[in-house]
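Geometric and topological summary
Single-letter residue listing:
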There are 4 protein chains.
Amino acid sequence: MKIMLTAFDPFGGEKINPALEAVKLVRPELFEAEIIKVEIPTVFGKSIATALAAMEEHQPDVVFCIGQAGGRFDMTPERVAINIDDGRIPDNEGNQPVDQVIFEDGEPAYFSMLPIKAMVAAMKAEGIPASVSNTAGTYVCNHIMYGVLYHIHKSFPGMRGGFMHVPFTTEQVLNRPNTPSLSSEQIARGIEIAVQAIIDHPDDIFAVGGAEH
Amino acid sequence: MKIMLTAFDPFGGEKINPALEAVKLVRPELFEAEIIKVEIPTVFGKSIATALAAMEEHQPDVVFCIGQAGGRFDMTPERVAINIDDGRIPDNEGNQPVDQVIFEDGEPAYFSMLPIKAMVAAMKAEGIPASVSNTAGTYVCNHIMYGVLYHIHKSFPGMRGGFMHVPFTTEQVLNRPNTPSLSSEQIARGIEIAVQAIIDHPDDIFAVGGAEH
Amino acid sequence: MKIMLTAFDPFGGEKINPALEAVKLVRPELFEAEIIKVEIPTVFGKSIATALAAMEEHQPDVVFCIGQAGGRFDMTPERVAINIDDGRIPDNEGNQPVDQVIFEDGEPAYFSMLPIKAMVAAMKAEGIPASVSNTAGTYVCNHIMYGVLYHIHKSFPGMRGGFMHVPFTTEQVLNRPNTPSLSSEQIARGIEIAVQAIIDHPDDIFAVGGAEH
Amino acid sequence: MKIMLTAFDPFGGEKINPALEAVKLVRPELFEAEIIKVEIPTVFGKSIATALAAMEEHQPDVVFCIGQAGGRFDMTPERVAINIDDGRIPDNEGNQPVDQVIFEDGEPAYFSMLPIKAMVAAMKAEGIPASVSNTAGTYVCNHIMYGVLYHIHKSFPGMRGGFMHVPFTTEQVLNRPNTPSLSSEQIARGIEIAVQAIIDHPDDIFAVGGAEH
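Throughout this description, residue numbers start from 1 for each chain and increase along the sequence as written. The naming scheme follows written order: chains are lettered A onward, ligands numbered 1 onward. Residues qualify for local features only when their pLDDT is at least 70, as the model is predicted, and side-chain atom pairs are given and counted only at 80 or more; totals for whole chains, interfaces and linings, by contrast, use all residues. Working from all heavy atoms in the structure, the side-chain values ignore hydrogens and water.

On to the interface of chain A and chain D, then. Two residues qualify as a contact provided that any one of their heavy atoms is within 4.5 Å of a heavy atom in the partner residue. Contacts between the two partners involve 16 residues from chain A, matched on the other side by 16 residues from chain D. Note on terms: buried area is the combined drop in 1.4 Å-probe accessible area of two parts once they are placed together, counting the loss on both. The contact between chain A and chain D buries some 1300 Å² in all, and 63% of this surface belongs to carbon and sulfur atoms. The largest share of the area that chain A buries against chain D comes from Phe 73, Lys 124 and Leu 174 of chain A, three residues that together contribute 41% of it. Think of a salt bridge as a Lys or Arg side-chain nitrogen and an Asp or Glu carboxyl oxygen that are within 4 Å of each other. Here chain A is connected to chain D by zero salt bridges. Any pair of nitrogen or oxygen atoms within 3.5 Å is treated as a polar contact; in protein, a donor-acceptor pairing is required on top of that, and neighbouring residues in sequence qualify only through side-chain atoms on both sides. There are six residue pairs in polar contact (both at pLDDT 80 or more) connecting chain A and chain D. Asp, Glu, Lys and Arg are counted as charged, while Ala, Val, Leu, Ile, Met, Phe, Trp, Tyr, Cys and Pro are counted as nonpolar; the rest, among them Gly, fall into the polar class. Per-class residue counts for the side of chain A that touches chain D are seven nonpolar, eight polar and one charged.

Bringing the relation of the copies chain A and chain D into the picture now. The copies are overlaid by a least-squares fit using only the C-alpha atoms of residues whose pLDDT is at least 70 in both copies. Mapping chain A onto chain D calls for a rotation angle of 180° and an axial translation of 0.0 Å; the resulting RMSD is 0.0 Å. Taken together, the rotation and translation relating the two chain copies correspond to the operation of a two-fold axis. Across chain A, the rotation axis passes nearest the C-alpha of Pro 180 of chain A, at a separation of 2.8 Å.

Moving on: the packing of aromatic side chains. All names here are of chain B. Ring geometry is summarised as follows: Phe, Tyr and Trp rings, the Trp one being its six-membered ring, pair when their centres sit within 6.5 Å, and such pairs are stacked at plane angles under 30 degrees, edge-to-face over 60 and tilted between the two. One pass over the full model with this rule turns up 20 aromatic pairs over all chains. With a centroid separation of 6.1 Å and an interplanar angle of 75°, the aromatic rings of Phe 11 and Tyr 139 are classed as edge-to-face. Of the two residues, Phe 11 sits in the loop between β1 (2-8) and α1 (18-25) while Tyr 139 sits in the loop between α3 (116-125) and α4 (140-155), which places them 128 residues apart along the sequence. Each residue is assigned to one of three classes by its accessible area relative to the maximum for its type, calculated with a 1.4 Å probe on protein chains only: buried under 20%, partly exposed between the two thresholds, exposed over 50%. By relative accessible area, Phe 11 is classed as partly exposed at 25%. When the ring of Tyr 110 is compared with that of Tyr 146, the centres are 4.9 Å apart and the planes differ by 50°; the resulting orientation is tilted. Linking Tyr 110 in strand β6 (residues 109-111) with Tyr 146 in helix α4, this pair joins segments that are 36 residues apart in sequence. Look at Tyr 110 and you get buried, because its relative accessible area is 5%. Labels follow the DSSP assignment, with helices taken as runs of H or I lasting at least four residues and strands as runs of E lasting at least two, numbered in each case from the N terminus.

Between chain C and chain D, the residue contacts involve 26 residues of the former and 26 residues of the latter. Summing both partners gives a buried area of about 1900 Å² for chain C against chain D, and 63% of it is carried by carbon and sulfur. If you look at where chain C meets chain D, you find eight salt bridges. A salt bridge links Lys 117 of chain C to Asp 99 of chain D; the shortest N-O distance between them is 3.2 Å. Here chain C is connected to chain D by eight residue pairs in polar contact (both at pLDDT 80 or more). Contributing elements (two or more residues each) for the side of chain C that touches chain D: β5 (80-82) and β6 (109-111) of chain C.

Here the focus is the arrangement of the chains. Without any contact between them, chain A and chain C keep their closest C-alpha atoms 11 Å apart. Structurally, chain B and chain D remain out of contact, their C-alpha atoms never closer than 11 Å.

Residues Glu 171 and Glu 185 of chain A together with Glu 171 and Glu 185 of chain D make up a contiguous surface patch of negative charge. Within the element layout of this structure, Glu 185 of chain A appears in helix α5 (residues 184-200). Like charges are joined within 9 Å and nonpolar side chains (Val, Leu, Ile, Met, Phe, Trp, Tyr) within 5 Å, but only among residues with over 30% relative accessible area and no salt bridge; these make up the patches. Residue-level accessible areas treat just the shown protein chains as cover; the underlying method is Shrake-Rupley with a 1.4 Å probe. We score Asp and Glu as negative and Lys and Arg as positive, and we do not count His or the chain ends. The atoms used to mark charge sites are NZ of Lys, CZ of Arg, CG of Asp and CD of Glu.

Here helix α4 (residues 140-155) of chain A is 16 residues long and its end C-alpha atoms lie 22 Å apart, about the 22 Å a rise of 1.5 Å per residue gives. Of all 16 residues making up α4 of chain A, 13 are buried, and the element is well covered by its neighbours. Any helix carries an expected span of 1.5 Å times its number of residues minus one.

To continue, consider the sheet that holds strand β3 (residues 62-68) of chain C. All names here are of chain C. The criterion for strand pairing is that DSSP finds at least two bridges linking the strands in question. Pairing within the open sheet is mixed, and its five strands lie in the order β2-β1-β3-β7-β4. The sheet is open, and its two borders are formed by β2 (34-40) and β4 (76-77), each paired with just one other strand. Of the strand pairs in this sheet, β3 and strand β7 (residues 160-166) are connected by seven bridges, and their pairing is parallel. Bridge pairing links Val 62 to Arg 160 in β7. Lines fitted to C-alpha atoms define the axes, with helix axes restricted to the stretch in contact, and inter-axis angles between N-to-C directions lie between 0 and 180 degrees. The strands touched by helix α5 (residues 184-200) within the sheet are β1 (2-8), β2, β3 and β7, with β3 carrying the most contacts at an inclination of about 155°.

Bringing the relation of the copies chain C and chain D into the picture now. Between chain C and chain D, the superposition needs a rotation of 180° and an axial shift of 0.0 Å, giving an RMSD of 0.0 Å. Most of the interface of chain C is mirrored in chain D: 100% of its interface residues are interface residues there too.

This next bit is on the side chain of Gln 172 of chain A. All names here are of chain A. Mapped onto the elements of the fold, Gln 172 is located in the loop between β7 (160-166) and α5. A distance of 2.7 Å separates the side chain of Gln 172 from the side chain of Gln 68, its partner in a polar contact. Apart from residues lying up to four places away in sequence, Gln 172 is in contact with Pro 18 and Gln 68.

With that settled, the discussion passes to the pairing of strand β3 (residues 62-68) of chain A. Pairing between strand β1 (residues 2-8) of chain A and β3 of chain A: five bridges, direction parallel. Bridge pairing links Ile 3 of chain A to Val 62 of chain A in β3 of chain A.

Structure below.
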C-alpha cells in the first residue's frame, strides 16, 4: 500500500507550520506501506493542483491530508468536505474567495473515504484525544479535502482520500491564554496511529450520500 | 409571502423545549407576511414527514426550521445539511441511527436557500450575537434541514428552506457552570430579525454546489 | 438601611462602561432602603479615595461595589480581596503597579462581609446565573474591594462591604466570538436581586479570617 | 538545599492520581539539591498533619506542594492561600467543611513564599504553558497550601513554602470532550523547571501581606 501524506506550508508570515513539522516527524519505517510526504501551498487552487500532480506522479492508494485547526482540543478526522470557498482571511497569495463554488461540476459535498471512526478509536486507545468532526470549515483545509476527493471521484478509481485536523502544538499557545493544544510528539504519534488505522481498514470506506448512490 | 416556522417538541423527558418556547414568542403581527408555526416531533423520519405534510398543506414560500445547539454562544444560521444520520443518543422514540443515509436518492448535501449572511448581519445590527455555522451536526437538526431541502428540491419549485440553531436559554444554564446562553427574549428577537431578513432578501438564495449546477 | 452602590467609570478609551450602565438601571424604588450610586475612577489609589470620601459623607450601612470581569459566564460575588496590586495593563491614569502592597498596615486579605451565598441563591432562584468567586484578581476591582474593607475595618464599625463581578453585556461580545455574556437587563436585575439579598440578610456576615483575629 | 515535594494520594475511588504520578517522574538527580517526595492524604486536617510531620522530620528549606486543577489549561503557581475550607464534595474520609476557618489564630491569607513569576517565566521559556493563579480554591489544595504556610510562619523560620496546580493529563481527558490537558511528560518537566527556578531564586521570596504584619 502506498500512502500520500500532505501538509500545508508555513502560513501568514510564520517560519514554520507546526502541522507540517508533525508530519515530518511521522516515521515511515513503522508501516508496512510506503509513505510519501508532500508539502502543499496554502493557496486556493494551487493547493489542489499540487496535490493532483503528486497523485498523478505517485499513484498512491490513499491520500491523507493534514491541516491545523487552532482552538480545537483534539485530533479530528473530518467527515465531509463541501463545495464552497469562503475565506475570512486571505491565503498565502492574497486570494480571499467569498461563497465561491470550488468545482462547478462537483458534488455539493464529498464524504471522507477513510475509516474516520476507526481512526478516532485507535488514537484514543493509545491515549491521544480524538473525535470525528463534521466540518472542515470553508478555508483551504476544506478546499484541499474537497479537491482531492473531487479528483479521486473523477479520475482515480480505487484511490481513497480524506483529511484530519490537528490542534495547536503546545509551543504555539504559550502566549495564548486558555487555548488548548497537544504536544508535537502527541500530534505526530496521533498521525501515525491514524495512518495505521487506514492500513488496517482497507475496505472500511465511509461511503454514503455521494455519487455512489 | 408565507413563512413556515418549525421547532422541535420537548425532548429527553423535559416538559418544555426552550427553542419551541422562543418560536412561540415570535410575534406574527410584526411582519408583512403570514407566519405559520409548526411543532415537529424529535424523531428521525417522523420529523421530516411532519414537515412535509405541513409544506403540502400550507404551501409556504419559506420553510425556516429552528433547533437548539446547547453549548454554542450565538444564533447560528446553518450553511449546509449533509446526507447522514449519526446519533450519539436516541431520539424521542428510541431510534439511534449510526452512519445511515437519509435519502438514498438525495444529494450528498444541500446548501441553505436562505440569506444566512444577511440574517447574521441583521441580528448583530440589533445587538444579538450571530454567526454562520458550517455544520448542523448529524442528529435530528441536520436531519430535518436535509429532509426539508430534499423535498423542496424534489417537489416544491420556488419554495426556499433553511435552518438556524439557537443557544441554550439562560434558564437552562443555571446549574451548568461555564455554559453560554442567551435570554429567551434575545432568542425570540433574534428569530424575528432573521425572519425579517428572509423577507427582505427574497432573491438572495445561497445556491451553490447543489444539483443546480 | 442605606446602601451605597459603586461602579467604575468608562475605561480604556470606551465611552461607556456597561457595568456602570447596569448600576444606573437599578431601580431604587424597589427597596425598603436608601440606594446611593457612586461612580468610581478606574485608577489605583484614587478609586479608594473616592469610595472613602463617599463613605464618610453618606455613612452607608453597606458598601456594595460592582465591576466587570469579561470572560466570566455569570454574576460572581467575590469571597475575598487580597493585599496586592499587580496590573497587566495601566489604569486610566497610566499607573501599573506590579506586586505592590495596597496598605502596609492592612491584613493579607479581607473576606467579604456580604451574604455571598444567599446572593447567589437569590439570583439563581430568579433565573440569573451566579456563583461565588474566590478571586477578584489583582487589578482595580480587587483594589477597591480591599480598600473599602480595609477602611471599614479601620474606621467604620457596623458598616459592611463587598464586591460583585458581572460578565460582559451582550452588546460587548458581538464581535468577540465564543465569549459569554448576559443582557444588560439580566445584569441590572441580578444586581437588584443581590441588593435585596443583602437587605434580607443583615446579620449573615461572612466573617472569617478577618479583623476577628 | 533540601526541597520537599508533596502530592495528594489518589482521590474519589481512582487508582492513581496523575499529579502524584507526575511528581514521581521528577528526576532528583537533575538538581544540586536534595529532593524529598511526600505523599499527602486527600483529607482535610490529616493532609496538614502529614505535611507538618514531614517538615519536622526532614527540616527542608522549601516545601513545594503540587495538586491538580482539572479544567485549567496550564501550570499555575498559586499566589495566595486563604483561611477557609469550603468543599463542594467530600474528601477521602467523607469530610465536607462549609465556610470553616482553617486555623483560628491564622492570618486571613498567606502569600506564596516561592518565586512564582520566575517559575512561570522558566516554564514558558522551555515550552510549558504557565501563568500565575490568584486562587487555589477552597478545597484540600488551598487547605494544604494554607496549612504549610501557617506552620512555616509559626514554627519554621527560614523555611519557604508554596503550591502549584497542574492541569489534567492527556490520559484523563480522553472521554471529556473539550477539556484541556498537558501530557504527563510536560507536567513532570514543568515541575522540574519550577523546582530549578526555586533553587535559582533563593531570596526571591514573594513576601507581601504575610509575615510582615
